[in-house]
Amino acid sequence: MQKYLVLYLAPAAAMQAMMDSKPEDMQAVMDAWKAWSDRCGDALVEMSPLSPGGRITASGSSSNEMGVVTYSVLQAEDMAAAQALLADHPHLGIAGCGIEVYGTMSLPWQ
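Remember, predicted model here, so these are calculated numbers, not experimental data.

A. How the structure looks around the sheet that holds strand β2 (residues 44–49). If you trace the 4 strands from one edge of the open sheet to the other, you get β2-β5-β1-β6, paired in antiparallel fashion. For this open sheet the edge positions go to β2 and β6 (98–103), each flanked by a neighbour on one side alone. When strand polarity is set aside, the average angle formed by the axes of neighbouring strands in this sheet is 20°. Pairing between strand β1 (residues 2–11) and β6: 6 bridges, direction antiparallel. By the bridge assignment, L9 is partnered in β6 with G98. Packed onto the sheet, helix α1 (residues 12–20) meets β1 and β5 (66–76) and runs at close to 80° relative to β1.

So, in structure tokens, the structure goes:
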């Protein structure tokens, strides 16, 4: 089994719309995420929302218009299996949002 880092991206406008939504609408979104995580079972190793962040380069730092709002770590046989776990993720139903998936690799000293 390999681990996959999953990044959930959302534009600032989508995050603001979520914050401005009715409590019952926000709860429905959270319930959908919970149902997805339950379907993943042991394949979902870790998941957490993130506070606002930004990009750091040699010339300084800046905020991102399309921010990473949550991350998770999945465990799967291969990239296709990891992507299959995300195929019906509720985050994909939010306008302008997306998901990126990266396989992890071992470092020589680990």
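Now that the structure is up, let's keep going.
B. Quick peek at the side chain of H91. Along the chain, the position of H91 falls in the loop between α3 (79–86) and β6. The exposure class of H91 is buried, given its relative accessible area of 3%. Sequence-distant contacts of H91, that is, excluding residues within four places in its chain, are made with Y8, L9, A10, W33, V69, C97, G98 and I99.

Rules of the game
- Residues numbered from 1 in each chain as written.
- Predicted model: local features only at pLDDT ≥ 70, side-chain atom pairs only at ≥ 80, totals over all residues.
- Heavy atoms only, no water.
- Pairing = 2+ DSSP bridges.
- Helix = DSSP H or I, 4+ residues; strand = E, 2+ residues; numbered from the N terminus.
- Axes fitted to C-alpha atoms, helices over the stretch in contact; angles between N-to-C directions.
- Contact = heavy atoms within 4.5 Å.
- Buried < 20%, exposed > 50% of the residue type's maximum accessible area, 1.4 Å probe, protein only.

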